[in-house]
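Chain and residue survey
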Amino acid sequence: MCKRLLDIVISVLALVILFPILLVAVVILAISNGRPIFFRHVRPGKDGKPFELIKFRSMKDTRDKSGNLLPDAERITQFGRFIRKTSIDELPELVNVLRGEMSVVGPRPLLMQYLERYNDEQFRRHQMLPGITGWAQINGRNAISWDQKFKLDLWYVDNWSFWLDIKIILLTVWKVLKGEGISQPGRATMDEFMGNSEK
């Protein structure tokens, strides 16, 4: 109940306070990227139950001659890089939080196909609602390995407390301002998790 109350209070306050930023982002994305403005994707939530994640779209759907999407680094726009660096692209997920599909703090919602690649221990990250930010995000985000990320997620699941969430939220603001851990060195996004042979 404490966690849900914190989610609602922070989400409502953030949407009200950050509304001008959201509005400006919508206008610029409509001009630079075109429609759709939002990126919607089915992700696994608590206990692996699917839900539709909402983010600002930071990439164009540019394809090669064969109709295949170009690599992320070639599709991400200049403004897309900015909203990723500042985490503005994540702000629409506050709607997911208000719906009860996500929490402000928790393991990040990854891809549906990862569910069958987890071992039993890694799947425990789904014992809690996925979050906009989390313990792994303030300890390296996308600049750390999958093995490190999962260990941090599981530490959070096993050690959750109200005050830990407050600490993570405050540290997230600091990390966003510093722009740390946005991506792996030399890559626009995190490499795909291919299974437990990967470290």
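Residues numbered from 1 in each chain as written. Predicted model: local features only at pLDDT ≥ 70, side-chain atom pairs only at ≥ 80, totals over all residues. Heavy atoms only, no water.

**Focus: helix α4 (residues 78-85)**
- Those residues of α4 lying buried are Phe79, Gly80, Ile83 and Arg84. Down the axis of α4, the smallest arc covering the buried residues is 140 degrees, so these residues share one side.
- Elements that come into contact with the buried residues of α4 comprise α2 (19-32) and β2 (50-56).
- Of the residues trailing α4, Ser87 is marked for its positive phi of about 65 degrees. (Buried < 20%, exposed > 50% of the residue type's maximum accessible area, 1.4 Å probe, protein only. Helix = DSSP H or I, 4+ residues; strand = E, 2+ residues; numbered from the N terminus. Arc of directions from axis to C-beta. Contact = heavy atoms within 4.5 Å.)

**Observations concerning the packing of helix α1 (residues 2-17) against α2**
- One can describe the packing of α1 onto α2 by two numbers: an axis separation of 4 Å at closest approach and a directional angle of 60 degrees. Looking at the two axes, α1 sits oblique to α2. Packed against α1, whose contacting residues are Ala14, Leu15, Val16 and Ile17, the element α2 presents Phe19, Pro20 and Leu22 at the interface.
- The residue inventory of the contact of α1 with α2, partitioned by class, reads 7 nonpolar, no polar and no charged. (Axes fitted to C-alpha atoms, helices over the stretch in contact; angles between N-to-C directions. Parallel < 35°, antiparallel > 145°, perpendicular 65-115°, else oblique. Nonpolar A, V, L, I, M, F, W, Y, C, P; charged D, E, K, R; others polar.)

**Focus: the packing of aromatic side chains**
- Counted under the stated rule, the structure contains 11 aromatic pairs.
- An aromatic cluster of three or more residues is present, and its members are Tyr114, Tyr118, Trp146, Phe150 and Phe193. (Phe/Tyr/Trp six-rings, centres within 6.5 Å; stacked < 30°, edge-to-face > 60°.)

**Re the pattern of salt bridges**
- Scanning the model with the defined rule gives 13 salt bridges in all.
- For the salt bridge of Asp147 with Lys151, the shortest nitrogen-to-oxygen distance reads 3.3 Å. Of the two residues, Asp147 and Lys151 are both situated in helix α7 (residues 146-159); the distance of 4 residues between them amounts to about one turn of the helix.
- Judged by its relative accessible area of 23%, Asp147 is partly exposed.
- Within the structure, one salt-bridge network assembled from shared partners comprises Lys55, Asp89, Glu90, Glu93 and Arg108. (Salt bridge = Lys/Arg side-chain N within 4 Å of Asp/Glu carboxyl O.)

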